[in-house]
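Chain residues, written in single-letter form:
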Amino acid sequence: MRILPVSNFSFQKPVRRQDRQERFFVGNRSNTDTVSFTGGNKMADCVEHSVSKNMDRLTRIATVYLDVLESVAMKLKNKGVYFDRAYCEKNPVKSPKSCTSKIVRSGSFSVPDIIRATLYMDNPYDLSVLNDELLPELAKRGYIIPKAEMSVAELKKRGYIPKAKETDFDKVAVPDLDIRLADVFDQRTKLKSEFRYAISKPQSSGYEDIQMRLVRTYDTKENPVQHELLILFGPEYSRVKQFESKYIYEYLRKFNELNFRNNNIGKNSYTKVCDRYIELIEKMVRGNISQKLYENAKNKDMFGITEDIPITFTEDDLKILEQYFFELNEKIIWFYRDAKKFVRTDKSGQSQLYRESKADRDKLQVIHDGLLDTIKMFMSEKKYDDILKATEEQPKKQLQKKVKKKV
């Protein structure tokens, strides 16, 4: 069963004034305002122009950063730390368009990964290498981890015991380090006390890494330039990360952009069932593809295991997935029909709901078509390694397709 195509749309949300727009690309995550964009996205154009003006400067800063990482990796080669300069030089600075896209999605002017790089470790699960070797070598070269604010609720998941009068909604300043690895919580004693609450868990896709922000000790500005550093198992893992991000995560994250999930009128009886269908779709795609991709990549990089876990998507799987999408589309329609009861006498409210409903079904069609194209790759006779190679050689296709008019 297929979802009926709908028209294109644009978000119609109020703009919040941002007085210091040009600081967004170096801002600490704890000091940013929320922003949203309207029709012509004039604010987005302004942001993109602001980043473009700073590209030369950011490129110079990124080059120095890569020089530093290369020297650190050479020093720690015997500890299993490696650096692929050619890979990191492809995109050391986030493009103006990508920066703008992230700001529009997140609603924040903070882009903490505008300068980014990757290191490989033979065994990132040994946290003593991170704590005793890598971070001290970076500090010697003037790169340290800044503080970022995290809610008490999130910190409690990492073993934090709230202080007297602290609530789940309070914020605590902690180092901007996130150890997203499986089964390393018992290694907290290998970390300095300030990093005690840096251990979280792998992503639901199965993706694992160590992620941190770095700032230069001599950068004394209020909002110093932040440098992102990812630590991965190796080049195969990095390769799969790019594929999964482009062909799976790129679509799944769009579920968070659906208007009904943030509708100002409030929740109704269809909200939970819509959320459940989204959860089922995500679990099916991640379980059948993403998690196996990452497991295979880790096996190759860390253990030298070349036998792949089979990645399959059967016709029956596809039928179930199509049914999920069909039912989700129907429930979203009913969600908005129910919501209209609260704005019967408000013409502007009715118009707003109409636009949001149309926008949600349009975006759902994009998610459906994009994931279906990805799934069909794995329903072919090609091995997944051949699929990765083929997709690396072709440009990323446009997510927003031209939609056929209803008859």
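**Q** Could you clarify how one ought to interpret the overall build of the protein chain in this entry?
**A** Within the protein chain, the secondary structure is distributed over eleven helices and eight strands. Residues counted as buried form 49% of the 407 residues belonging to the protein chain. If you take every contact in the protein chain between residues at least 6 apart in sequence, the share linking residues at least 24 apart comes to 75%. Carbon and sulfur atoms provide 50% of the accessible area of the protein chain, an area that totals close to 21300 Å².

**Q** Sorry if this is basic, but what is going on with the packing of aromatic side chains here?
**A** Centre-to-centre distance and the angle between the planes together describe a pair of aromatic rings. Counted according to the given criterion, the structure contains 14 aromatic pairs. Between Y237 and Y294, the aromatic rings sit 5.3 Å apart at their centres with planes inclined by 35 degrees, giving tilted as the arrangement. Taken together, the positions of Y237 in helix 7 (residues 235-252) and Y294 in helix 8 (residues 271-303) put the pair 57 residues apart, joining distant regions of the chain. In terms of burial, Y237 and Y294 fall into one category: buried. Plain terms: the ring middles of F260 and F335 are 5.5 Å apart, the flat faces sit at 65 degrees to each other, and that makes the pair edge-to-face. Of this pair, F260 sits in the loop between helix 7 and helix 8 while F335 sits in helix 9 (residues 315-339), placing them 75 residues apart in sequence. For F260, a relative accessible area of 1% gives the class buried.

**Q** Hey, could you run me through the side chain of N288 in this one?
**A** Of note, N288 is situated in helix 8. On the basis of relative accessibility, which here comes to 18%, the residue N288 falls in the buried class. In this structure, N288 is in contact with K283, I311, T312, F313 and D317, ignoring residues within four places of it in sequence.

**Q** Looking at this model, I keep getting lost on the confidence of the model for the protein chain. Mind explaining?
**A** Per-chain confidence: the protein chain averages 83 in pLDDT, with 80% of residues scoring 70 or above. Within the protein chain, the lowest mean pLDDT, 64, falls on helix 4 (residues 96-106), and the highest, 98, falls on strand 1 (residues 81-82). Low pLDDT (under 50) marks residues 396-407, which in the prediction has 22 contacts with non-local residues, meaning those over four places away or in another chain.

**Q** Any chance you could explain the side chain of E137 here in plain terms?
**A** As for its placement among the helices and strands, E137 is situated in helix 5 (residues 127-140). If we skip the residues at most four places from it in the chain, E137 touches V72, K75 and L76.

Each value, and the rule that gives it
Residues numbered from 1 in each chain as written. Predicted model: local features only at pLDDT ≥ 70, side-chain atom pairs only at ≥ 80, totals over all residues. Heavy atoms only, no water. Helix = DSSP H or I, 4+ residues; strand = E, 2+ residues; numbered from the N terminus. Buried < 20%, exposed > 50% of the residue type's maximum accessible area, 1.4 Å probe, protein only. Contact = heavy atoms within 4.5 Å. Areas by Shrake-Rupley, 256 points an atom, 1.4 Å probe, with all protein chains shown as cover. Phe/Tyr/Trp six-rings, centres within 6.5 Å; stacked < 30°, edge-to-face > 60°. pLDDT = per-residue confidence, 0-100.

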